[in-house]
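Report on the structure
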Amino acid sequence: MTTELGNSTTTELAVSMVGVSKSYKHFQLQNIDFTVERGTVAGLIGPNGAGKSTTMRILMGLVQPGAGSVSVLDKAISSNDAAAKQDIGYFSDDMRLYKPETLSWHMQLVRSLYRDWDDVYAGQLLDRFGLIPQQAIKGLSHGQRVKAMLLLILARRPKLLILDEPTNGLDPVAKHEVITELMRVVEDESRTILYSSHNTQDVEQISDSITFIDRGRVIASSNRDDFLEKWKCIKLHAPESWTLPSVDGVRLESSHRNLHVLSFNQFRGELPVQLQTPGVVIESVESMTLEEIFVSSVIRGRQEG
Amino acid sequence: MHSWISISLGDPRPLYLQVIEQVKRRVAVGDLPPGTELPSIRELAAGLKVSVITVKRAYLELEREGVIATRQGKGSVVAEKPGLQSSIQESELRDHLKQAASLGLLLGKSKTELQKRIAEVYEQIQKDEK
């Protein structure tokens, strides 16, 4: 990923995947090139079954890639031993806490395993997440369980957080609490977050980079505001003889009689004027939401591939 | 925290533009006098719950426009430049007029027609305020 804004000469990568592939019977992760700069928040967006979890499991060394190279916090994944994992916090909905025990019991356990566990921070998280340490896990709601798991991960202050759909199924208030806490983490510029969701709204605001994946392939990667500036939707009325102009990145989204809706993924300010051929009347030039951009990217990608 | 700025995902404009606009407005109305220290990029990002890149881009642009000044290692302050408030107001007005004019152009309106329409809107607002 390159940005014109980076004024630091060297960008350190917290995560790097080059040409990573993995084949399963009914699913292939194909040639994934993906990097996350240190000190940033990266959002991985994809529909269900796109390959988000597989990508994250590969980064955690839980799945061995069929091809390609993977490096996490400057270590090749093959040598990613227990010591390296001290610095990584991984969240996934598959993870289970021990139901009969209390949150406090879990906190003591994690504290004994991780050298950087921070008691003061753990206490603040209990407070801000509204969790009661004496409560048994089995009595917690889904939102409380997610927050309890995040507390256990955050309080050991890992350098890299790999969070697989952490906000899935959370109510808006719990989501707000979690996102607020994640932003507090990156106030420290040495900490990095990689965060997946099938919902653009969960990640768009806090992500420095957003990567769309679908059917095991990376289809686009940029930051939110660049996506918004490059993608526009133009509605126009055109005579019967009109044909889709040959402009890079144009797609006809829909037509109703002589009203056509076009999307552009390489929008430039002079484009509307160029489209005004005789008889063409432009009705509007509109911004698209990140969700619309995501959906259009996925559909374009599927039609090309 | 940082309640002097609020950003909205419902607003179709990029977030960094929303940050720029609101900082400028606070400066233009005098809420942020020249020399006022601004929060660091990461502090403001955490406070607004927007990405670091968003705030960084906004600050770079504000610096380029001379609204803020960044001193190495010391963070950013509102620029101490005479006439800053009025020049921001002036450029805001110019931006709005430019938008109206380009929309007019796109819709094929003539210069005289646009002038007439602006005069009409102006008179309407004066009338409504009475």
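Residues numbered from 1 in each chain as written. Chains lettered and ligands numbered in written order. Predicted model: local features only at pLDDT ≥ 70, side-chain atom pairs only at ≥ 80, totals over all residues. Heavy atoms only, no water.

With that out of the way, let us pick up the overall build of chain B. Summing up its helical and strand segments, chain B has 5 helices and 2 strands in all. In summary, chain B has a C-alpha radius of gyration of 18 Å against a globular reference of 14 Å for 130 residues, an excess of more than 25%. Viewed in the frame of its principal axes, chain B has a C-alpha envelope of about 50 × 35 × 30 Å. Restricting the contact set of chain B to residue pairs at least 6 apart, pairs at least 24 apart contribute 50%. Summed over all atoms, the accessible surface of chain B reaches about 8100 Å², with 53% contributed by carbon and sulfur. Between the mean site of the 20 positive side-chain charges and the mean site of the 17 negative ones, chain B shows a separation of 4 Å. (Helix = DSSP H or I, 4+ residues; strand = E, 2+ residues; numbered from the N terminus. Rg over C-alpha atoms; globule rule 2.2 N^0.38 Å. Contact = heavy atoms within 4.5 Å. Areas by Shrake-Rupley, 256 points an atom, 1.4 Å probe, with all protein chains shown as cover. Lys, Arg positive; Asp, Glu negative; His and termini not counted. Charge placed at Lys NZ, Arg CZ, Asp CG, Glu CD.)

Glancing now at the interface of chain B and chain A. Taken residue by residue, the interface counts 24 residues in chain B and 28 residues in chain A. Here chain B packs against chain A, burying approximately 2300 Å² in sum over the two surfaces, 58% of which is carbon and sulfur. Examining the composition of the side of chain B that touches chain A, we find that 6 residues originate from one element, helix α3 (residues 52-64) of chain B, more than from any other. Classifying every residue of the side of chain B that touches chain A gives 16 nonpolar, 2 polar and 6 charged. (Buried area = accessible area lost by both parts, 1.4 Å probe. Nonpolar A, V, L, I, M, F, W, Y, C, P; charged D, E, K, R; others polar.)

Let us look at the sheet that holds strand β11 (residues 232-237) of chain A. All names here are of chain A. Within the open sheet, the 4 strands sit side by side as β12-β13-β11-β14. Their pairing is antiparallel. This sheet does not close on itself; its edge strands, each paired only once, are β12 (250-256) and β14 (281-287). Shown here is a sheet whose adjacent strand axes are inclined to one another by a mean of 20°, direction ignored. Examined bridge by bridge, β11 and strand β13 (residues 259-264) share 6 bridges and lie antiparallel to one another. Bridging across to β13, C233 finds its partner in S263. (Pairing = 2+ DSSP bridges. Axes fitted to C-alpha atoms, helices over the stretch in contact; angles between N-to-C directions.)

Turning our eyes to something else, we now look at the confidence of the model for chain B. Residue and element names in this part refer to chain B. When pLDDT is averaged along chain B, the result is 89; 98% of the residues meet or exceed 70. α3 holds the highest mean pLDDT among the elements of chain B, 94, whereas helix α4 (residues 84-106) holds the lowest, 88. Complex prediction metrics read pTM 0.86 and ipTM 0.79. (pLDDT = per-residue confidence, 0-100.)

Residue and element names in this part refer to chain B. Between helix α2 (residues 41-48) and α3, the shortest axis-to-axis distance is 8 Å and the interhelical angle comes to 125°. The angle between α2 and α3 places the two elements in the oblique class. Handedness of the α2/α3 crossing: right-handed. Here I41, R42, L44 and A45 of α2 come into contact with α3, specifically with V52, V55, K56 and Y59. When its residues are assigned to classes, the contact of α2 with α3 shows 6 nonpolar, no polar and 2 charged. (Parallel < 35°, antiparallel > 145°, perpendicular 65-115°, else oblique. Left-handed = near helix turned anticlockwise from the far one by under 90°.)

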